[in-house]
Amino acid sequence: MTNRAPLDAEMQAIFDELLRLSSLVQEGLTMAFDAVVEFDTQVAQDLINRDHILNELAQSVEYRVERTVALQQPAARDLRIVIASMLIATELERMGDHVVG
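The residue numbers shown here count from 1 along each chain, following its written sequence. Local features are withheld for residues below a pLDDT of 70 in this predicted model, meaning they are given only at 70 or higher, and side-chain atom pairs are given and counted only at 80 or more; totals for whole chains, interfaces and linings count all residues. The basis for every side-chain value is the complete set of heavy atoms in the structure, and neither hydrogens nor water enter the calculation.

Enquirer: How would you summarise a nonpolar patch on the surface if you had to cite specific residues and measurements?
Expert: On the surface, V69, L79, I83 and L87 cluster together into a nonpolar patch covering about 290 Å² of accessible area. Helix and strand labels come from DSSP, where a helix needs a run of H or I of at least four residues and a strand needs a run of E of at least two; each type is numbered from the N terminus. Here V69 lies in helix α3 (residues 51-72). Candidate patch residues must exceed 30% relative accessible area and have no salt bridge, after which like charges are joined if within 9 Å and Val, Leu, Ile, Met, Phe, Trp or Tyr side chains if within 5 Å. Only the protein chains shown count as cover for residues, with accessible areas throughout obtained via the Shrake-Rupley method and a probe of 1.4 Å. Think of a salt bridge as a Lys or Arg side-chain nitrogen and an Asp or Glu carboxyl oxygen that are within 4 Å of each other.

Enquirer: Tell me what's going on with the environment of L18, and back it up with residues and numbers.
Expert: When you line up the elements, L18 lands in helix α1 (residues 5-38). Throughout, exposure labels follow a simple rule: accessible area from a 1.4 Å probe, protein chains only, divided by the maximum for the residue type, with under 20% read as buried, over 50% as exposed, and the rest as partly exposed. By relative accessible area, L18 is classed as buried at 10%. The sequence separation of L18 and T90 amounts to 72 residues, and the corresponding C-alpha distance is 10 Å. Contacts: residue pairs with any heavy atoms within 4.5 Å of one another. When residues no more than four places from it in sequence are discounted, the contact partners of L18 are V61, S85, I88, A89 and L92.

Enquirer: Outline the nonpolar core, listing residues and values.
Expert: What is meant by a nonpolar core is a set of buried Ala, Val, Leu, Ile, Met, Phe, Trp, Tyr and Cys residues, joined one to another through side-chain atoms within 4.5 Å. L18, L21 and V61 are the most contacted members of the largest nonpolar core, which has 15 residues in total. Residue assignment for this core shows that the elements contributing at least two residues are α1, α3 and α4 (76-100). Here this core gets 7 residues from one element, more than from any other, and that element is α1. With near-sequence residues (within four places) excluded, L21 lies in contact with L54, L57, A58, A89 and L92.

Enquirer: Go over the packing of α3 against α4, please, and point to the residues and values.
Expert: A fitted line through C-alpha atoms represents every axis, and for helices the fit uses only the stretch in contact; the resulting angles, taken between N-to-C directions, go from 0 to 180 degrees. Two elements in contact, α3 and α4, have axes separated by 9 Å at closest approach and are oriented at 170°. Considering their axes alone, α3 and α4 lie roughly antiparallel with respect to each other. Side by side, α3 and α4 meet where D51, L54, N55, A58, V61, E62, V65, T68 and V69 of the first sit next to L79, V82, I83, S85, M86, A89, T90, E93, G96, D97 and V100 of the second. In terms of residue class, the contact of α3 with α4 is built from 11 nonpolar, 5 polar and 4 charged. For this classification, under 35 degrees means roughly parallel, over 145 means roughly antiparallel, 65 to 115 means roughly perpendicular, and everything else is oblique. Gly falls in the polar group here, along with every residue not listed as nonpolar (Ala, Val, Leu, Ile, Met, Phe, Trp, Tyr, Cys, Pro) or charged (Asp, Glu, Lys, Arg).

Enquirer: Outline the packing of α1 against helix α2 (residues 41-49), supporting the account with residue identities and numerical values.
Expert: Interhelical geometry of α1 versus α2 gives an angle of 155° and a closest axis separation of 8 Å. Comparing the axis directions of α1 and α2 gives the class roughly antiparallel. Crossing of α1 over α2 shows left-handed handedness. Residue-level inspection shows G28, M31, A32 and A35 of α1 in contact with α2, the latter providing V43, A44, D46 and L47. By convention the crossing between two helices is left-handed if the near helix lies anticlockwise of the far one by an angle smaller than a right angle, and right-handed if it lies clockwise.

Enquirer: Just give me the short version of the pattern of salt bridges, but keep the residues and values in it.
Expert: Tallied over the full model, the rule gives 7 salt bridges. In this structure, the salt-bridge partner of D8 is R4, at a minimum N-O distance of 2.8 Å. Residue R4 is classed as partly exposed on the basis of its relative accessible area of 37%. Several salt bridges converge on common partners, so that one network encompasses E10, E17, R64 and R67.

Enquirer: With reference to specific residues and values, describe the environment of I83.
Expert: Within the secondary structure layout, I83 lies in helix α4. Along the backbone, I83 and V69 are 14 residues apart, and their C-alpha atoms lie at a distance of 8.6 Å.

Shape is all these values report; function is a separate question.
See the structure below:
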């Protein structure tokens with residue numbers, strides 16, 4: 001029997017980063033609406049300045065996924081979840097880019 005603790009810990013770290021990424025995208029969407037409705041250029045600029053955080057977090061998720069696949073060698077369901085996490089991070093980062101736009 002194999003020890004799943006390292007894989008489970010790494011998957012949890014990936015999920016935590018995905019949650020943070022999705023939260024930042026949601027906050028950005030709220031900021032974008034506020035900037036448009038209030039014609040607030042400072043909020044819009046703050047939103048633009050935060051874009052690099054989303055990019056770095058998405059890259060971090062991708063790195064964690066690559067490292068998890070290489071070192072933990074997940075199989076079946078775990079592999080599908082880990083790979084899906086990378087795809088979700090990519091889509092969330094793209095959503096963040098649209099929000100900034």
